[in-house]
Amino acid sequence: MSITFHPLGEAAVKVSFHQAVSPSLNNIIKAFCTNISLKDRGIIEWVPAYDSVTVYYDPWIFTYQQMTELLNEIALKTEQKPSNSKTIVTIPTLYGGEYGPDLEELAETKKLKTEDVISIHTDADYLVNMIGFLPGFPYLSGLDEKISMARLEEPRQAVPAGSVGIAGSQTGIYPLESPGGWNLIGRTPLRLYDLENENPFLLEQGDYLQFKSITKEEFEQIKREIDEGTYKLERKEETK
Amino acid sequence: MKLFSVEKPGLYTTYQDLGRIGFMKFGVPTSGALDRFALEVGNILVGNERGATGLEVTMQGPELIARETFVMAVTGGDLSPMINGKRIPLWKSVLVKKGQVLEFGKPRQGVRAYITISGGFEAKEYMGSTSVYEPAGLGRRLQARDELFGNPKQPKTGTGLFYTEIPEYDRDIEVRVVKGPHHEQISDSVVEAFFSSTHEVSPQSNRMGYRLSSELETNHDGDVISDAVPIGGIQLPGNGQPIILLADRQTTGGYTRIGTVIGPDLPLIAQLPPGGTIRFKEVSVEEAQEAAIQLERKLRIWSRMT
């Protein structure tokens, strides 16, 4: 594995992996981060991204030189342990109607029926390449080009939390209400960011998502169960 | 116990400590005091741990009525702090008595002041930090009629920062920058123009970032594969208008970054008003670390002295 380092000021270093963005690179990055987490002193936190990991550290404890040497060692160890299982999280989603106001337009533009758009969207596994932009927001890859579509020209002032959208060749889920220009095709009752939970974040880098089409009744039912704390998230391990 | 009642909240007054650590990988920004030096020294002056919760005051300060008698300090920018209409010294611990009013007047130097109190403010913690970050529901700014709580000890008053150590928050500053990580995607002439120009702070500047109104003639497309964005990161999008990202920034971004302002110089930026100017000076990572270590050493020594 060939990695290079770049200092970001006095207390952070960007580790670049020099490989095309892919599920296997994502796996390497995930394993690299797990190995970083075993070092406790002087490493403050780290942020995995598509083809890099940024490590924040304490310059009182590590010089830049020492930090990069340590990360090199970690990288050498990482290579030997590729993972062969994947975690798949099911995202129940109510498509179309008021919850997915751009579904019909997208179907029309793509010369598809709305049901086709839904089945194409629910057929794929989407990889969480990284989390960022908003608390709990997954950068997903794996969207079928048949349903890719450019952002709205006029972004909405407020997109509700849970909205499932498409922008270019990406699909995503809004963890909180925020302004946004994605084409909204549906909404999930799941909360990707929930301060009421001990762990407020539903997803992490390396997870795979599968969308599942649900009815309005199921949506309301799941929402109630989440409020009552009885909802059981579908999260399964699969061997690749 | 109840320490202050909020009569007027001020323009944007928030609880801040040294930030939320460990959640950037989930997209939660660090937040924390924009002028960390001022908060840390403020805490040292009232006998606290350096990272205790203080109030960050922006431009127009709040009006607070003391409900107890306790020791406090105001540090950072000079926003004309007064107790019962009488100016109080900055960077010095003072006694505020039950019934007295702490208020602020005209901003004279800098734009952010820090109120620290003995024992620290008692504020709700989210993910291990009291720093307010409203977009994610992590606390909120002060509002009129809020009550502020704490458990003051009785440290001595009159502890002050030696005058040569008090920062001068100039309107025209130079800050040190470690180049990268995307400078190779930007042409040499643009990098050179960036480092040789004087940049003006635009009014659209806040805790997320400071926008600069310079327009560099770029010829790169401005987009990169998204990566983590550190505090102090300087984005240079295709439109040529640099943005310095600060504590409340998004944790990741997809714009080219020309460099990172070093931590010890961030307070200077935090105190710049719109219209203030910045020049950037390139330093090596070793120089940046040396500056950070010297600052840390100083703060550690001062902590032991009080």
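Residues numbered from 1 in each chain as written. Chains lettered and ligands numbered in written order. Predicted model: local features only at pLDDT ≥ 70, side-chain atom pairs only at ≥ 80, totals over all residues. Heavy atoms only, no water.

- In the nomenclature of an unreviewed UniProt entry, chain B is known as Biotin-dependent carboxyltransferase of Guptibacillus hwajinpoensis.

- The name an unreviewed UniProt entry gives chain A is 5-oxoprolinase subunit PxpB, with Guptibacillus hwajinpoensis as the organism.

1. Let's talk about the interface of chain A and chain B
Item 1. Each side of the interface is counted separately: chain A has 39 residues, and chain B has 44 residues.
Item 2. For the chain A face of the interface with chain B, the top three residues by lost area are Glu10, Glu45 and Trp60 of chain A, together amounting to 21%.
Item 3. A salt bridge links Lys14 of chain A to Asp227 of chain B; its shortest N-O distance comes to 2.7 Å.
Item 4. Our enumeration of links across chain A and chain B arrives at 13 residue pairs in polar contact (both at pLDDT 80 or more).
Item 5. Those elements that place two or more of their residues in the side of chain A that touches chain B are β1 (4-7), β3 (43-48), β4 (52-57) and β6 (126-131) of chain A.
Item 6. In terms of residue count, β3 of chain A provides more of the side of chain A that touches chain B than any other element does, five residues in total. (Contact = heavy atoms within 4.5 Å. Buried area = accessible area lost by both parts, 1.4 Å probe. Salt bridge = Lys/Arg side-chain N within 4 Å of Asp/Glu carboxyl O. Polar contact = N/O pair within 3.5 Å; in protein donor to acceptor, adjacent residues only side chain to side chain. Helix = DSSP H or I, 4+ residues; strand = E, 2+ residues; numbered from the N terminus.)

2. Let's talk about the domain arrangement of chain B
All names here are of chain B.
Item 1. Taken domain by domain, chain B consists of domain 1 (2-165) and domain 2 (172-302).
Item 2. Its C-alpha centre places domain 1 at a distance of 27 Å from the equivalent point of domain 2.
Item 3. With 29 residues of domain 1 at the interface, the matching set in domain 2 holds 21 residues.
Item 4. Summed over both sides, the interface of domain 1 with domain 2 buries roughly 1,900 Å², with 59% coming from carbon and sulfur.
Item 5. At the junction of domain 1 with domain 2, the criterion picks out three salt bridges.
Item 6. Two residues, Arg207 and Glu56, come together in a salt bridge whose shortest N-O distance is 2.9 Å.
Item 7. Here domain 1 is connected to domain 2 by 12 residue pairs in polar contact (both at pLDDT 80 or more).
Item 8. Secondary structure elements with two or more residues in the side of domain 1 that touches domain 2: α1 (36-45), β5 (70-78) and β10 (109-117).
Item 9. For the side of domain 1 that touches domain 2, the element with the highest residue contribution is α1, accounting for five residues. (Domains from an automatic or database assignment.)

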